[in-house]
Amino acid sequence: MATKGPPVRKSKKRRLETSKVDKEEESQGNVIAQLKSVEGESSGPPLSLPANVTPQQLQLLINQLLDNEDPLPYAFHVDDKEITTNLYQDIIEGLNKSTEHILTIIYQPQAIFRVRAVNRCSSSLSGHTEAILSVSFSPDGTQLATGSGDTTVRIWDLNTETPHHTCSGHTNWVLYIAWSPDGKYLASGSMDNTVRVWDPSTGKSIGDALKGHTKWITSLAWEPLHLNSKCNRLASASKDGTIRVWDVILRRLLFSLAQHTAAVTCVKWGGDGLLYSSSQDKSIKVWDGLGKLVKTLSGHAHWVNTMALSTDFLLRTGAIDHTGKTPKDEIEATNWALARYQAGRGNKTERLVSGSDDFTMFLWEPATSKKPIARLTGHQKLVNHVCFSPDSRFIASASFDNSVKLWDGYSGKFIASLRGHVGPVYQVCWSADSRMLISASKDSTLKIWDLKTHKIKSDLPGHLDEVFSVDWSPGGDKVASGGKDGQLKIWRN
């Protein structure tokens, strides 16, 4: 009769398991890898790395190779796939790569600061008697403005979370508001065909309305701070098919751009001095700062609804960065804004993404080519809003198919679908550190998405009806949202 051997002791069992793991690690071997920046610059010769190297170990390595005095956080990618656990699991097994190949690992610096997800509504502010159509924080994040269907623009005090000024003057819905990059002016475009400029410190209109458009205003864009320290030039786009550029101090029209054959839906003023306009005539036109047509970008099969620039966040915040320091004067502000713009853009050219009623998006590099870098397909209904992340690595798109989709900001490759909303998604907005995304929907909720997991981080119900507009403060500590119920909600963590 066979006898059973003595039971294996726990400590022995543990030793066997650890030796098995060690053997596995040994069998994974080494990999030859070349570390490169996003711009394609090598950090040195190819290195032999253990196959199970983790992102934390790669971070230590790259900080040493680049001689960074203060270690910076980095993200690492191979063929657009991020290394999250270790090189072997994510890349060699995940992408079926061989350890014989020389792997090119792309490193990209991430934001030094971290934004915490907002998870509670700190106040619901009533005051508007109709739907809130647009919500926007000032460049330094200290003030908040809202435009509403009740014909007023309101400026709110964020320290006390109370109404500060009510700006009356428009005679119809206020459709669009935009802060100048130095925070000294607030512009509003209305259904009454006029543009008004307000002084945010007093809430008074600076002069009379800027008249000239024959139909309502669809979009506004200020000239970037690093190109113009006075911040006195404003572009307005209208349903009448024209773009008008105004001098807000002299209160006169500088020039009018009238080459579109249908309504202009969006206007952007790029950091290189170019103006971009999208239209329901299915085209995007690129103009220089004097009003000359530079090129036409065509490709969409239906109305172009929305555009975003890879430098939008830098242009919006001007001279103010995450440290919150304020410049002494105009010259210092311009210099800081220029330094931020150049550092953020690197040696790449400015990229533009456009979203359309044809369910697709195009990624362009307008300064270099008329041809798109990529056509981004996947949405099953019209694309309502697009937005680049502050570090320009990702693009988020909001669609009437109830989803938000994520795309690579350089190649246009599809990354993930963020599903959770049960109604059309109207707007998306990024946190300042590019690690989170918030979306506003017809289903009356806001949702915050985590970029690492592509899952909902927090669900923010509270609005009584559709949420039309959302904005995340440049400092990352507050979110504001407004919609059909006329309530402005401020969210904090």
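Per chain, residue numbering runs from 1 following the sequence as it is written. Under the rules for a predicted model, residues below a pLDDT of 70 receive no local features and side-chain atom pairs below 80 are neither given nor counted, while totals for whole chains, interfaces and linings still include all residues. Just so you know, side-chain values use all the structure's heavy atoms and leave hydrogens and water out.

A few words now on the packing of aromatic side chains. Ring pairs are drawn from Phe, Tyr and Trp, using the six-membered ring of Trp, whenever the two centres fall within 6.5 Å, and their geometry is named by plane angle: stacked under 30 degrees, edge-to-face over 60, tilted for the rest. As enumerated under the stated definition, the model contains eight aromatic pairs in all. Between Trp 407 and Phe 414 the ring centres are 5.4 Å apart and the planes differ by 70°, which places this aromatic pair in the edge-to-face class.

Another point: the sheet that holds strand S3 (residues 74–78). Strand pairing is defined by DSSP finding a minimum of two bridges between the two strands. Strands here mean DSSP runs of E at least two residues long; helices mean DSSP runs of H or I at least four residues long; both are numbered from the N terminus. With mixed pairing, five strands are arranged side by side in an open sheet as S2-S1-S5-S3-S4. At either end of the open sheet lies a strand with only one pairing partner, and these are strand S2 (47–50) and strand S4 (81–82). Two strands pair when backbone bridges link them, and strand S1 (residues 30–37) and S2 are joined in this way by four bridges, in the antiparallel orientation. Bridge assignment links Ile 32 to a residue of S2, and that residue is Ser 48. By definition, residues are in contact when any of their heavy atoms lie within 4.5 Å. Simply put, an axis is a line fit to the C-alpha atoms, just over the touching stretch for a helix, and the angle between two N-to-C directions goes from 0 to 180 degrees. Packing of helix H2 (residues 55–65) onto the sheet brings it into contact with S1, S2, S3 and strand S5 (102–109), and relative to S3 it is tilted by some 105°.

In the sections that follow, a salt bridge refers to a side-chain nitrogen of Lys or Arg positioned within 4 Å of a carboxyl oxygen of Asp or Glu. With the rule as written, the count across this model stands at 15 salt bridges. Of the charged contacts, one joins Lys 478 and Asp 477 as a salt bridge, the two residues approaching to 2.9 Å between their closest N and O atoms. Think of it in three bands: residues with accessible area under 20% of the maximum for their type are buried, residues over 50% are exposed, and the middle band is partly exposed, with areas taken using a 1.4 Å probe on protein chains only. Classification of Asp 477 as partly exposed rests on a relative accessible area of 36%. Connected through salt bridges with shared partners, the residues Arg 196, Asp 208 and Lys 211 form a single ionic network.

Within the secondary structure, Tyr 176 sits in strand S11 (residues 174–179). Spatially, the C-alpha atoms of Tyr 176 and Val 153 are 9.8 Å apart, while their sequence positions differ by 23 residues. Those residues in contact with Tyr 176 that sit more than four places away from it in its chain are Ser 134, Ala 187, Ser 188, Gly 189, Thr 218, Ser 219 and Leu 220.

Assignment of secondary structure puts Thr 152 in the loop between strand S8 (143–148) and strand S9 (153–157). Classification of Thr 152 by relative accessible area gives buried; the value is 10%. Side chain to side chain, Thr 152 and His 128 meet in a polar contact 3.5 Å long. Within polar-contact distance, the side chain of Thr 152 engages the side chain of Asp 150 at 2.7 Å. Excluding residues that lie within four positions of it along the chain, Thr 152 makes contacts with His 128, Thr 146, Gly 147, Thr 166, Cys 167, Ser 168 and Val 174. The term polar contact refers here to a pair of N or O atoms within 3.5 Å; inside protein, the definition further demands a hydrogen-donor-capable atom paired with an acceptor-capable atom, and it admits residues adjacent in sequence only when both atoms are side-chain atoms.

Okay, the sheet that holds strand S34 (residues 455–460) next. Read from one edge to the other, the open sheet built from four strands follows the order S31-S32-S33-S34, with strand pairing classed as antiparallel. Looking along the sheet, the strands with just one partner apiece sit at the ends: strand S31 (425–430) and S34. Averaged over all adjacent pairs, the angle separating strand axes in this sheet is 25°, with direction ignored. Of the strand pairs in this sheet, strand S32 (residues 436–441) and strand S33 (residues 446–450) are connected by five bridges, and their pairing is antiparallel. Note that in S33 the partner of Ser 439 across the bridge is Lys 447.

Counting through the fold element by element, Ser 441 comes out in strand S32. Judged by relative accessible area, which is 0%, Ser 441 ranks as buried. In this structure, Ser 441 is in contact with His 421, Gly 423, Pro 424, Val 425, Tyr 426, Glu 466 and Val 467, ignoring residues within four places of it in sequence. A polar contact is formed between the side chain of Ser 441 and the backbone oxygen of Pro 424, at a distance of 3.0 Å.

A few words now on the nonpolar core. With 18 residues, the main nonpolar core has Leu 58, Phe 76, Ile 83, Leu 87 and Ile 105 as its most contacted residues. At the level of secondary structure, the elements contributing two or more residues to this core comprise S1, H2, S3, helix H3 (87–93) and S5. Here Ile 105 is in contact with Ala 33, Gln 34, Leu 35, Lys 36, Leu 49, Leu 58, Phe 76, His 77, Val 78, Ile 83 and Leu 87, once residues within four sequence places are set aside. Val 115, Cys 429, Ala 432 and Val 479 belong to the second largest nonpolar core, which has 17 residues in total. The set of buried Ala, Val, Leu, Ile, Met, Phe, Trp, Tyr and Cys residues whose side-chain atoms join them within 4.5 Å is what this entry labels a nonpolar core.

Secondary-structure assignment places Arg 244 in strand S17 (residues 243–247). A positive count includes Lys and Arg, and a negative count includes Asp and Glu. His and the chain ends are not counted in either. One buried charged residue, Arg 244, remains without a salt bridge, the closest side chain of opposite sign being Asp 240 at 5.1 Å. A polar contact of 3.4 Å, which involves the side chain of Arg 244, links it to the backbone oxygen of Gly 212. Not counting chain neighbours up to four residues away, the residues in contact with Arg 244 comprise Gly 212, His 213, Leu 234, Ala 235, Ser 236, Leu 253, Phe 255 and Ser 256.

Attention now moves to H2. For H2, the complete set of buried residues consists of Pro 55, Leu 58, Ile 62 and Asn 63. All buried residues of H2 project into a common sector of 135° when viewed along the axis, lining one side. Facing away from the buried surface of H2 by more than 90 degrees, the exposed residues are Gln 56, Leu 60 and Gln 64. Residues of H2 that are buried make contact with S1, S2, S3 and S5. Note on H2: the residue one or two positions beyond its end, Asp 67, has a positive phi of about 55°. This arc is taken over the directions from the axis of the helix to the C-beta atoms.

Moving on to unusual backbone geometry. One non-glycine residue with positive phi stands out, namely Ser 444, at about 75°. Here Ser 444 is to be found in the loop between S32 and S33. Under the relative-accessibility criterion, Ser 444 is labelled buried at 18%. A positive phi is found at His 454, a non-glycine position, where the angle reads about 60°. Take His 454: it is sitting in the loop between S33 and S34.

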